[in-house]
Every structure is written in structure tokens, then in C-alpha cells.
Amino acid sequence: MINRVEELKEAALSAAAAAGDEAALEDVRVAYLGRKGRLTEVLSNLGGVPAAERPAIGQAGNRAKQEIGAAIAERAGFLSDSRLEALAETEAIDITFPAPPLRRGHAHVLSQVRRQLEVIFERIGYSVEEGPEIETDWYNFEALNLPKGHASRDVQDSFFLDPGEETVLRTHTSNVQIRGMERIGQPPIYIVAPGRVYRRENLDATHLAGFMQLEGLAVDQGLTVGDLKGTLLYLVQSLFGPQRQVRMRPHHFGYTEPSFEFDTICGRCLGKGCRSCGQEGWLETGGCGMVHPQVLRNGGIDPERYTGYAWGFGIERIAMLEYDVEDLRLFYENDLRFNRQF
Ligand SMILES: [Zn+2]
């Protein structure tokens, strides 16, 4: 019986020494020391062995288990080391290999367009002026020649913040006209005022309750409608290219006289009419006009000495024209598949 134990031990030791990898070594452990392993089996069947011999066999069996366990552990260490050495040989990191590209964030398309517009006007001497989004009735309406009860107020359905309707979320960036004149003082005044505005609109593909505008104001000696049109032409051609023309249509705003809406010629058909411009040939872009004398007076400027012109448009509108986006809401849904295109 002892011989049988010794035989199994020798067989296990040579099998362990011959195991080529960690899986083969595990097979050896299971085959000899596992619950149904050969050595385990022999040692658990000592029924036919005379009682006097059992302790000796038990001791021999335990020694054999220890030796086999130690041999397996040693072999495992060796196999693990050589596996790592082999890895180091074959899979060394090549530090000259290009890294996978990093996906970096970037400014939202509306921020890009806003900045683009600011730069276009800064290039011809305009400075960027900021104004508050929570505004008094005076700066948002009254000083702009829109007294209480004026028809233009109904058009601009407003979010008032108090029952007396003295404080309002500004309905346009035109509040910066008066604030700009007050801050700068006497002309020349050449400013653009980008920012958020708020209106009670029913939301659809072309209307939002909160959006961005860019206001422009020039006040100087001898400014005319020709200067206004030249400025708008410069804007449109800077944005969309030299073949794009501007047209002005008479309109009415309380704070400009005369007032116009201005259109950009369609980039697809150059005025002939196509599906993208609804056969019009022109795309609505914004509103503009010569600053009303009363508005100059409200800003502390003498309308006998100076004239001014102003314009305003939606920054989203420009982004839609620039990138052929058909639904305004896409700019605010923050779907990364949309945002990443710009
Ligand atoms: Zn067209």
C-alpha cells in the first residue's frame, strides 16, 4: 500500500514537472489531489488495510500530498514567470505607435455663430455691448417709442415679472440701444449686442419662447439708409459669400423710421426661386431701420445733429441659413448627434 502511494507521488511529480502551461498543471492537480483524484481515492479506501498499518500509510499519504502540492506551486510560479517573459518579448508597448484619437468637446453651434457675428462686426469697428435679460418697461418698450397700449407690444407677447408690468424678460436685444447710448455718451456709437430674448410663443419649427438675437446700432453724423444697407450687405457677404445680395422691404417698427425687413438672396437659386426658398428667391433674415428721432432723444442724443440706424435678427436664424437647419428646436435639444456636426 505504501508503495502504491509512492508510485502515485512519483507519477504526480513528473506530470507536474512536464506540464507545459497553467491549464495542464491544473489538470495534474485535479487528477491526483482533487476530490476524486487518484491519490485521494487510494487514501480514502483504507478499509482492507490492517489497522496497524493505517497510521504509516496515512503519514506517507500526507507527505505525498504536501510534496505534490509544493511541486505544483513551484511549477506554477515558473510557468507564470515564463508567460510574462514571453508577453514582454512579443507584446511590448510600442511608444511610437499613434494613440487612439481623443474626442474633444467644442463650443455649441450657436456660440460659434454668435462669435462669428461678433468678429464680423468688430472688424469694421463695432464693439460688443451687453445688456440685462431682466429689464424695466422703460428700456424694453417705453424708451423705444413703444408706449403702453402701442400695437407693437401686442405683437411681442411678453413675460412680465410683476403684476404692474414694470419688469419684463426682455423681448428683444433693442433694450441695449438706449443703454448703449447712455453708457457711451456722445457719438460715434457703433455697437452690436448679442443675447437671449424671451417671448410667449407657441413652440414650433420656427418659434421658441427663448432664443438669441444680435442687435446692431450705429449713431454718427450723416448716416443714411445707404449706410445701413451697405452694413447689411457686408454682413451677409461675410457670412455667406460675395454672390449673396440683400433686399429691404418697407415694414413698421415703433423705434425706427423708416423701418424695413431685410432678406438675403437664396444661395441655391440666387433669386430665381427654388424649393429651398419656397420659390421666393429670397430668405427672410431680420428687421432694420433708421433710429427714430425720439429714441435718440431718449438715449440723450440730439437728433438734429446725429442720425442712426439699427438692425436685429435671430442668431438661430443665421445658423439655420448658414447650415441648412430646418427646425429651430434642434439647437436646444442637445442631441449629441446633432451638436457634433458643427
Ligand atoms: Zn432658392
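Small disclaimer: the values here were computed from a predicted structure and weren't measured.

## Re the coordination of the zinc ion
Here is step 1: Taken together, the protein donors to the zinc ion comprise Cys266 (SG), Cys269 (SG), Cys274 (SG) and Cys277 (SG), at separations of 2.2 to 2.3 Å.
Here is step 2: Between the four donor atoms coordinating the zinc ion, the angles at the centre fall across 105 to 114°, so the site counts as tetrahedral.
Here is step 3: For Cys269, a relative accessible area of 7% corresponds to the buried category.

## Observations regarding the domain arrangement of the protein
Here is step 1: For the protein, the domain assignment lists domain 1 (2-90) and domain 2 (109-339).
Here is step 2: Distance between the C-alpha centres of domain 1 and domain 2: 87 Å.

## Considering the pattern of salt bridges
Here is step 1: This model, assessed by the stated rule, comprises 19 salt bridges.
Here is step 2: As a salt-bridge pair, Lys148 and Glu166 come within 3.1 Å of each other at their nearest N and O atoms. Linking Lys148 in the loop between α6 (137-140) and α7 (151-155) with Glu166 in the loop between α7 and β3 (167-169), this pair joins segments that are 18 residues apart in sequence.
Here is step 3: Accessibility expressed as a relative area gives 46% for Lys148, which makes it partly exposed.
Here is step 4: The class for Glu166 is partly exposed, based on a relative accessible area of 42%.
Here is step 5: Sharing partners across several salt bridges, the network here consists of Arg114, Arg115, Glu118, Glu122 and Glu130.

## Observations regarding helix α4 (residues 54-90)
Here is step 1: End to end, α4 covers 53 Å across 37 residues, agreeing with the expected 54 Å (1.5 Å per residue, within 8%).
Here is step 2: When α4 is considered as a whole, its buried residues turn out to be Ile57, Ala60, Gly61, Ala64, Ile68, Ile72, Arg75 and Leu79.
Here is step 3: Elements that come into contact with the buried residues of α4 comprise α1 (2-18), α2 (22-33) and α3 (38-44).

## Considering the pairing of strand β4 (residues 189-198)
Here is step 1: Within β4, eight of the ten residues are buried, leaving the element largely enclosed by the surrounding structure.
Here is step 2: Of the pairings in the sheet, the one linking strand β1 (residues 127-128) to β4 comprises two bridges and is parallel in character. Bridged to Ser127 within β4 is Ile191.
Here is step 3: In this structure, β4 lies alongside strand β5 (residues 210-220), joined through ten bridges in antiparallel fashion. From the neighbouring strand, Ala193 faces β5, where its bridge partner is Glu215.

Calculation rules
- Residues numbered from 1 in each chain as written.
- Predicted model: local features only at pLDDT ≥ 70, side-chain atom pairs only at ≥ 80, totals over all residues.
- Heavy atoms only, no water.
- Donors = N, O, S within 2.8 Å, 3.2 Å for Na, K, Ca; no water.
- Tetrahedral: all angles 85-135°; square planar, octahedral: opposite > 155°, others 65-115°.
- Buried < 20%, exposed > 50% of the residue type's maximum accessible area, 1.4 Å probe, protein only.
- Domains from an automatic or database assignment.
- Salt bridge = Lys/Arg side-chain N within 4 Å of Asp/Glu carboxyl O.
- Helix = DSSP H or I, 4+ residues; strand = E, 2+ residues; numbered from the N terminus.
- Expected span 1.5 Å × (residues − 1).
- Contact = heavy atoms within 4.5 Å.
- Pairing = 2+ DSSP bridges.

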